[in-house]
Amino acid sequence: MSTKESLDLRYTRNDLTKNRGVNIALVVILVLSAFLMATGAMMMERLVGSVDQLFEDARPPHFLQMHTGDYDPDALDRFAAEHPEIVAWHVEQMVGYDGAAIAWNRPAADASGDFSESLIDNLVVTPNPEFDLLLDGSGEAARPSSGEVYVPVAYERRFDLQVGDELTIGTASGGHALTIAGFVRDAQMASSMSSATRFVVAEEDFAALENAGGGAPEIIVGYRLTDQSLAGDFQRAYEADADLPKNGQAVTFQMIRVINAFSDGLVAVALVFVSALLVAIALLNLRFVIRGTLEDEVREIGAMKAIGLPNRAITRLYLAKYRIMTLLACVVGGVLAIGATQVLTRGIQVNYAAAPLGVTTFLVPVLSLVLVYLFVIGMCRGVLRGVRRIEVVGALVHGSTRTERQTARRARRQARRVTRTNLATFRGRNLSRRLALMDLRAEKGQWILIPLVFFLVTVLMTLPMNLLSTFESPRFVTYMGAADSDLRVDLRFSDDVDSVHDDVLSTMRADDRLENVRAFANVLYAVEGDEGPETLRVDVGDYSNDSVEYLRGGPPEAGEIALSLLNTEKHDVSVGDELTVLDGDDAITMAVSGTYQDVTSGGYTARTHGEVTAGAAGYVIYTDLAEGADPEAVAIEYGERFPTATVTPMREYVEQTLSHITGAFQNAALVAFVFGVGVALLITTLFLRLRLGRDRQRMGVLSALGFSTREIVTQLRGKTLLTVTAGTSLGLVFTATAGESLVGLGVAVAGLGIGDLTFIPNPWLVYVAYPLILVGVGYLGAVVTTRRLGRADKSAWLRG
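Rules of the game
- Residues numbered from 1 in each chain as written.
- Predicted model: local features only at pLDDT ≥ 70, side-chain atom pairs only at ≥ 80, totals over all residues.
- Heavy atoms only, no water.
- Axes fitted to C-alpha atoms, helices over the stretch in contact; angles between N-to-C directions.
- Helix = DSSP H or I, 4+ residues; strand = E, 2+ residues; numbered from the N terminus.
- Left-handed = near helix turned anticlockwise from the far one by under 90°.
- Contact = heavy atoms within 4.5 Å.
- Nonpolar A, V, L, I, M, F, W, Y, C, P; charged D, E, K, R; others polar.
- Buried < 20%, exposed > 50% of the residue type's maximum accessible area, 1.4 Å probe, protein only.
- Pairing = 2+ DSSP bridges.
- Arc of directions from axis to C-beta.
- Polar contact = N/O pair within 3.5 Å; in protein donor to acceptor, adjacent residues only side chain to side chain.
- Patch = residues over 30% accessible without salt bridge, like charges linked within 9 Å, V, L, I, M, F, W, Y side chains within 5 Å.
- Areas by Shrake-Rupley, 256 points an atom, 1.4 Å probe, with all protein chains shown as cover.
- Salt bridge = Lys/Arg side-chain N within 4 Å of Asp/Glu carboxyl O.
- Lys, Arg positive; Asp, Glu negative; His and termini not counted.
- Charge placed at Lys NZ, Arg CZ, Asp CG, Glu CD.
- Core = buried A, V, L, I, M, F, W, Y, C linked by side-chain atoms within 4.5 Å.

A. Representation of the packing of helix α17 (residues 449–472) against helix α25 (residues 763–786) within the structure. Between α17 and α25, the shortest axis-to-axis distance is 11 Å and the interhelical angle comes to 145°. Here α17 runs over α25; the crossing is right-handed. Seen from α17, the contacting residues are Phe454, Val457, Thr458, Met461, Thr462, Met465 and Asn466; seen from α25, they are Leu765, Val766, Tyr770, Leu774 and Gly778. When the residues that make up the contact of α17 with α25 are grouped by side-chain class, the tally is 8 nonpolar, 4 polar and no charged.

Written out as structure tokens, the structure is:
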């Protein structure tokens, strides 16, 4: 080992031992930063790997069209023959059942139940031969034997199902019993944002269910293309063909991928966000500590310069400690991240697939840790450049890190400040408080650390919580293209859908428990695209009392149409423009009245004013409940009375649809809260310990002038309380303004149909409880740090 390396290590060892408390606090913050950054990066890599692996094994369609009702098979054959980019295609037959129609039983444990809690469609299918495979636990395509069924993994976890349980599907001819042979992962319908899920049965069981009646027949027309990037053009060509089935949602490969990765990806993004804020806090503290160290050891630095040590050697001496600390933190944080990632990705592997290990598995976390290391060391180098500006005479004689010019300038500023703050004219009663405020103003460059840290911690804690409360709010339905109501009734396509619609509507309007009943018809129109007519799904009804908030413009009136955000972008129109809609052979030109946000039907919807009572693809009815009425009880009653209708309490509809996303935000909010409170307490105590060491002489002077220890302690605690409150308040303001805009931009970039996200916060929690907790934590740190001052030797303070 060279002399230089030996000197660096010896100095580092001595400094780490001498300032053990400060260095431990810094290492803890750096470990947390490295841990969260590596965990977030590894989660992203594992999530992408799991989704990629599932897509490689399951081979989902590059484009699919769901359809309810009759269709022309010859038209599909003709279309396939006209498009050479099609590699494979199929028509998947399905039978849909309400959750209440499917019961499970475990005779050995005397346990049973049904799926009535699930509001999504339960589709029974047979195994697909070539693509869009539903995979069992071993990653192979599920191939049930007669009398067996494979159930979605989401139901396994939600209802605690086991292999061997009996499943009974209620049909018009009685119950059809099946034995659960396993559980399947579905690349197409894995996300909670999907409106349906699939069960796999054998051909003979499917035929028996189809013939028994009681289920709703549907199909999925799926296509695999030579290149997935062709899906957009292919969709336009499909929709331009008037003979093809289109009564249902169209989905592209990229849409499936985004929806699958969105919810679990939010956890990873949240962890990286928390890590970035912690890195910022760590850098602020390192800067403060390094500058304080240079001031405390300025005479030693002056002596080293006097004996001829170059600036580079002195900088390297101090930088060695921070290199070791940061390297240690990155190693420890990386090791902890491995265990955390395994826990956090357990659900991802169950829902999707076990991601294979590859070069990126090791490269991604290593690069994230290297990034943290380089960022921290780069900042340390920047602060240590101050060594070059230290002059030998100023350091040895005056003990100052400033040059002669800087010292003179500071002296002039202090002289002006003394004139402005002459205590001789002070007539107030609380001199101690006045001195505390004067000290804050004089040392604002030092005290700025506390409000900055609490500003960042407030943002760290409140942003995830505001997102969680927004997505959990019943009012979030307005982002889903639905009215803010208590109950929703969906009437899907069937031979008697029009008569059922009339019966349900008349019954609801005569029900005293229901208020503000309003019905909308789902109609399939078309608009002229680049390659011919393209399908436009339009909800027709009376929007005069529409509760949906519009980004631009307002609800449609007669002769007008409102478009979802994605549709306005797709058709390149804005409020006031005209859009020609094709209803069969009739062309209707309507003015665009407004743009709204919608995440349903892929985000491509529209609404127009009018009344349709026959020939619609389906209907949806919204209603509010009178005071005292139970939404769940009313939903059950109407569901039993009208079996072909899906009756859903809106709160439950939102909860189930967004369960993956809200679960991700709950985890993020919990992590942010725990780390935020811990870091706030740690930084406050670290800062005050350093301040107490540097303010010993000042406190000694105050004590000699007659100030009691209690008054000196009160000054310090008061300054802490003031700076903590200021930082917390600024953080709340930032979160409610710029923070909301930044998060809205991120959600808009995801392409889900939300272009402007407005927070729906829990005011008591975010604006009362959180600030009180943070201010309390800051004050607690001040109390703990200053508690020992009462036992200190006051005479030693004057000796420095």
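B. Region of interest: the environment of Asp484. Tracing the sequence through the fold places Asp484 in the loop between α17 and β13 (487–491). Distance in space between the C-alpha atoms of Asp484 and Pro474 is 7.4 Å, their sequence separation being 10 residues.

C. Main features of the pairing of strand β10 (residues 196–201). With respect to burial, β10 is a largely interior element, 6 of its 6 residues being buried. Along β10, one buried face is formed by Ala196, Arg198 and Val200 and the opposite face, lined by Thr197, Phe199 and Val201, is buried too. When strand β5 (residues 121–125) meets β10, the two strands line up parallel, connected through 5 bridges. Within β10, the residue paired with Val124 across the bridge is Phe199. In the sheet, strand β7 (residues 148–152) pairs with β10 via 2 bridges, with the strands oriented antiparallel. Across the sheet, the residue bridging to Val149 is Val201, located in β10.

D. Helix α3 (residues 73–82), seen in detail. For α3, the set of buried residues is Ala75, Leu76, Phe79 and Ala80. Down the axis of α3, the sector holding all buried residues measures 135°, keeping them to one side. Across α3 from its buried face, at more than 90 degrees, point the exposed residues Asp74 and Ala81. On its buried side, α3 packs onto β2 (86–97), β11 (216–225) and α6 (231–240). Between a side-chain oxygen at the N-terminus of α3 and the backbone nitrogen of Asp74 the separation is 3.0 Å; the capping residue is Asp72.

E. Broad picture of the environment of Leu721. On the secondary structure map, Leu721 appears in helix α24 (residues 709–749). A C-alpha to C-alpha distance of 5.8 Å links Leu721 and Tyr779, two positions 58 residues apart in sequence. Not counting chain neighbours up to four residues away, the residues in contact with Leu721 comprise Val775 and Tyr779.

F. Quick peek at unusual backbone geometry. Phi angles above zero are rare outside glycine, and Asp160 is one such case at about 55°. Secondary-structure assignment places Asp160 in the loop between α4 (153–159) and β8 (166–171). In this model, Asp572 sits at a positive phi of 55°, which is unusual for a non-glycine residue. Of note, Asp572 is situated in the loop between α19 (565–571) and β18 (578–583).

G. Layout of a positive patch on the surface. Residues Arg287, Arg291, Arg312, Arg323, Arg381, Arg385, Arg388 and Arg389 make up a contiguous surface patch of positive charge. Listing elements by their share of the positive patch, those giving two or more residues are α7 (253–296), α9 (311–344) and α12 (386–389). Relative to the assigned elements, Arg385 resides in the loop between α11 (359–384) and α12.

H. Structural context of the nonpolar core. The biggest cluster of nonpolar side chains holds 109 residues, and the ones touching the most others in it are Ile281, Leu286, Ile301, Cys380, Val457 and Phe471. The residues contacting Val457, other than those within four sequence positions of it, are Ile281, Gly676, Val679, Ala680 and Leu774. Ranked by size, the runner-up nonpolar core spans 35 residues in total, among them Val500, Val517, Ala616 and Leu625.

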